Amino acid sequence: MSSSVQRKRVRKSPEARRAEIVETAARVALTEGLECVTLRRIADELAVRPGLISHYFPSAEDLVGEAFSVASTGELDALLPADRPHGTPTQYLARYFALSAGDAYDDISRLWINARHLSRYRPVLRDRVAEQELASDDRLEGLIREGVERGEFRTDDPRTAAIHILVVLDGLGAHANTDRSNRPEAVTRMAVTTAERELGLAYGALTEVTPLVEPAETEAADADEPAEAVQPGDTAEAPEPT
């Protein structure tokens, strides 16, 4: 008699299944590009039939738009959290620039380049790009307003200041696919310099501030066990549309 025990399969709820599809599509979008987000490709990633993907996303364009939104929202939350209880506005802004200047930021920069190009031909994606641009504007404006209220920043127009900063960051991010190793320091810190000027800060105020590390980042670094990976084989659940 075989000693092996068949693992019990648990049926995912529609909400969990949809979230799994979108998270997988967002990962593919970030690492390979939005053109690679197709119903068949995501089905292959999850080891399910394409019909299951089309049940949740009848149009591939809807899945592409959702993948972009989830990826860009996740990146915005990581770079500039909506809730900021662990430091000052200056510290959070300095953290934002430090993370934006890292190599890890190149993936999201490439995604934005990709999305803006494709949105010229894809109305659904165009709307999602506009929504995410507005979300970025709102998030940074909120931080600047908080800094003004606390006397850390000086500007009469937080919205315009936020847009100035983001335009410079976008311009620098447009070079994510090129070699930037020989850039002068004045170019590499252009976004920081813009922010210091727009917010009435002294030169170096955003690079010499005490570094801020969110508790969640420390916990992640100290975690003994990696996060559980999605198991593509977990698909023999109760019947789902195919």
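Everything numeric here is computed off the predicted structure, so don't read it as measured data.

Participant: Would you mind going over the packing of helix 7 (residues 123-149) against helix 8 (residues 158-173) with me for this structure?
Facilitator: When two helices pack together, their arrangement is given by the angle between their axes and by how far apart the axes lie. At a closest axis distance of 8 Å, the pairing of helix 7 and helix 8 adopts a crossing angle of 120 degrees. Taken together, the axis directions place helix 7 and helix 8 in an arrangement best described as oblique. Taken as a pair, helix 7 and helix 8 cross one another with a handedness that is right-handed. Between helix 7 and helix 8, the contacting residues are Leu134, Ser136, Asp137, Asp138, Leu140, Glu141, Ile144 and Arg145 on the first element and Pro158, Arg159, Ala161, Ala162, Ile163, Ile165 and Leu166 on the second. Looking at side-chain class alone, the contact of helix 7 with helix 8 contains nine nonpolar, one polar and five charged residues.

Participant: Teacher, can you tell me more about the environment of Trp112 here?
Facilitator: Structurally, Trp112 is set in helix 6 (residues 105-118). For Trp112 and Gln132, which are 20 residues apart along the polypeptide, the C-alpha to C-alpha distance reads 10.0 Å. If near-sequence neighbours (up to four positions away) are discounted, Trp112 is found in contact with Phe68, Ser72, Val129, Gln132 and Glu133.

Participant: Help me out: how do you make sense of the pattern of salt bridges in this one?
Facilitator: Side chains bearing opposite charge may pair, as long as their charged atoms lie close to each other. Here the structure, examined in full by the defined rule, presents 19 salt bridges. Between Glu66 and Arg18 there is a salt bridge; the shortest N-O distance is 3.6 Å. Of this pair, Glu66 sits in helix 4 (residues 60-79) while Arg18 sits in helix 1 (residues 14-32), and the two are 48 residues apart along the sequence. For Glu66, a relative accessible area of 17% puts it in the buried group. Judged by its relative accessible area of 33%, Arg18 is partly exposed.

About the cut-offs
Residues numbered from 1 in each chain as written. Predicted model: local features only at pLDDT ≥ 70, side-chain atom pairs only at ≥ 80, totals over all residues. Heavy atoms only, no water. Axes fitted to C-alpha atoms, helices over the stretch in contact; angles between N-to-C directions. Helix = DSSP H or I, 4+ residues; strand = E, 2+ residues; numbered from the N terminus. Parallel < 35°, antiparallel > 145°, perpendicular 65-115°, else oblique. Left-handed = near helix turned anticlockwise from the far one by under 90°. Contact = heavy atoms within 4.5 Å. Nonpolar A, V, L, I, M, F, W, Y, C, P; charged D, E, K, R; others polar. Salt bridge = Lys/Arg side-chain N within 4 Å of Asp/Glu carboxyl O. Buried < 20%, exposed > 50% of the residue type's maximum accessible area, 1.4 Å probe, protein only.

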